[in-house]
Amino acid sequence: MNLYTGTTNRSALLTKASRLADRLGIARAALKVRALAGSPVGLTLTLSFGEVEVQRSCESQPGKDENLGALTQWLEDLARNQERGIEHLGEALHGDGLSLALFDAADCEPRAARTNRYQGDMSAQEAWELVCKSAARLDLPERAVWLGRDGDTAVLRLDLGGRVVEKRSERQDGARANAAAIALWMQCRARHFERGIDRDLVRVMSAYLLPGGA
């Protein structure tokens, strides 16, 4: 199990979630947190987009506040990846029914109010090692993973049991930074998979399935 280790102050977490809604470009009123039915400590986070509701639940943590922290971290990763131009909401939540059909042409670009480019010093080798470690956490063997480049664009491919996913990062400052950003994206997927927030990888990554890979 992957334990959440950040703040457990409920008021601070709810305030942070509201600010993350702003970063995602969604109304604060469209974000709700409720108790998870049948669980003494579990919580469900709901994002409403008109008639489409996106829900994520977490009950893997020892208490309600820890589960709220884990869900808030899921929301934070969603915002950061949008700000880095790695995925927009229509892609990240495609498997929940929030398809590109809900967005006009202008919204096919990230809607983030700010940019958040990767600023670290991760090497290409370190990015590959992080991808492999994250893949193992997702129960994927190393042979199911490929990380390469197309010019300065980092390209990640995963074989999810015969369904091939391709994910790209092209908005960072150079090939090394793009590889680092996509490795961190992969680490996010592993964290939320281990916590039981994102359980079905094929559904979570459905926007990135290659033609013929389904």
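Quick caveat: nothing in here was measured; it's all calculated off a predicted structure.

Thoughts on the sheet that holds strand E4 (residues 145–150)
Moving on, step 1. Sheet architecture is open: three strands sit in the order E4-E5-E6, paired in antiparallel fashion. Either end of the sheet is taken by a strand with one partner, and the two such strands are E4 and strand E6 (163–169). Averaged over all neighbouring strand pairs, the angle between strand axes comes to 20 degrees, with direction disregarded.
Moving on, step 2. This element, helix H4 (residues 124–137), spans E4 and strand E5 (153–160) of the sheet and lies at about 145 degrees to E4.
Moving on, step 3. Across the face of the sheet, helix H5 (residues 175–194) comes into contact with E4, E5 and E6 while running at roughly 30 degrees to E5.

A few points about the pattern of salt bridges
Pairs can form between side chains of opposite charge whenever their charged atoms are close.
Moving on, step 1. Applying the stated criterion across every chain yields a total of 15 salt bridges.
Moving on, step 2. With its nearest N and O atoms 2.7 Å apart, the salt bridge here joins Arg191 to Asp77. You can see Arg191 sitting in helix H5 and its partner Asp77 sitting in helix H2 (residues 64–83), a full 114 residues away along the chain. For the pair Arg191 and Asp77, a shared accessibility class is recorded, and that class is buried.
Moving on, step 3. Here the salt bridges do not stand alone but share partners, grouping Lys16, Glu76, Asp77, Arg80 and Arg191 into one network.

Some words on the sheet that holds strand E1 (residues 31–35)
The strands making up a sheet associate through backbone hydrogen bonding, with each pair oriented either parallel or antiparallel.
Moving on, step 1. A sheet is described by the order of its strands in space; here three strands give the open sequence E1-E2-E3, paired in antiparallel fashion. The sheet is open, and its two borders are formed by E1 and strand E3 (52–58), each paired with just one other strand. Each neighbouring strand pair of the sheet contributes to a mean axis angle of 25 degrees, computed without reference to strand direction.
Moving on, step 2. With five bridges connecting them, E1 and strand E2 (residues 43–49) associate as antiparallel partners. Bridging across to E2, Leu31 finds its partner in Leu47.
Moving on, step 3. Those strands touched by H2 are E1, E2 and E3, and its axis lies near 35 degrees from that of E2.

Overview of the environment of Ala144
Moving on, step 1. Residue position: Ala144 is located in the loop between H4 and E4.
Moving on, step 2. Counting along the chain gives 117 residues from Ala144 to Ala27, while the straight-line C-alpha distance between them is 39 Å.
Moving on, step 3. Those residues in contact with Ala144 that sit more than four places away from it in its chain are Arg157, Leu158 and Asp159.

Considerations on the packing of aromatic side chains
Moving on, step 1. Tallied over the full model, the rule gives one aromatic pair.
Moving on, step 2. On the numbers, 6.1 Å between centres and 85 degrees between planes, the contact of Trp185 with Tyr208 is edge-to-face. Here the residue Trp185 occupies a position in helix H5, and Tyr208 occupies one in the segment after helix H6 (201–204), the gap between them amounting to 23 residues. You'll find Trp185 and Tyr208 in the same group, each marked buried.
Moving on, step 3. Over the face of the ring belonging to Trp185 we find Lys167, whose NZ or CZ atom lies 5.7 Å from the ring centre.

Looking at the environment of Ala180
Moving on, step 1. With respect to the helices, strands and loops of the structure, Ala180 is situated in helix H5.
Moving on, step 2. You can call Ala180 buried: its relative accessible area is 0%.
Moving on, step 3. Here the alpha-carbon distance between Ala180 and Met1, two residues 179 residues apart in the chain, equals 25 Å.
Moving on, step 4. Beyond its immediate sequence surroundings of up to four residues, Ala180 is in contact with Tyr118, Met122 and Ala127.

The rules we used
Residues numbered from 1 in each chain as written. Predicted model: local features only at pLDDT ≥ 70, side-chain atom pairs only at ≥ 80, totals over all residues. Heavy atoms only, no water. Pairing = 2+ DSSP bridges. Helix = DSSP H or I, 4+ residues; strand = E, 2+ residues; numbered from the N terminus. Axes fitted to C-alpha atoms, helices over the stretch in contact; angles between N-to-C directions. Contact = heavy atoms within 4.5 Å. Salt bridge = Lys/Arg side-chain N within 4 Å of Asp/Glu carboxyl O. Buried < 20%, exposed > 50% of the residue type's maximum accessible area, 1.4 Å probe, protein only. Phe/Tyr/Trp six-rings, centres within 6.5 Å; stacked < 30°, edge-to-face > 60°. Lys NZ or Arg CZ within 6 Å of the ring centre and 35° of its normal.

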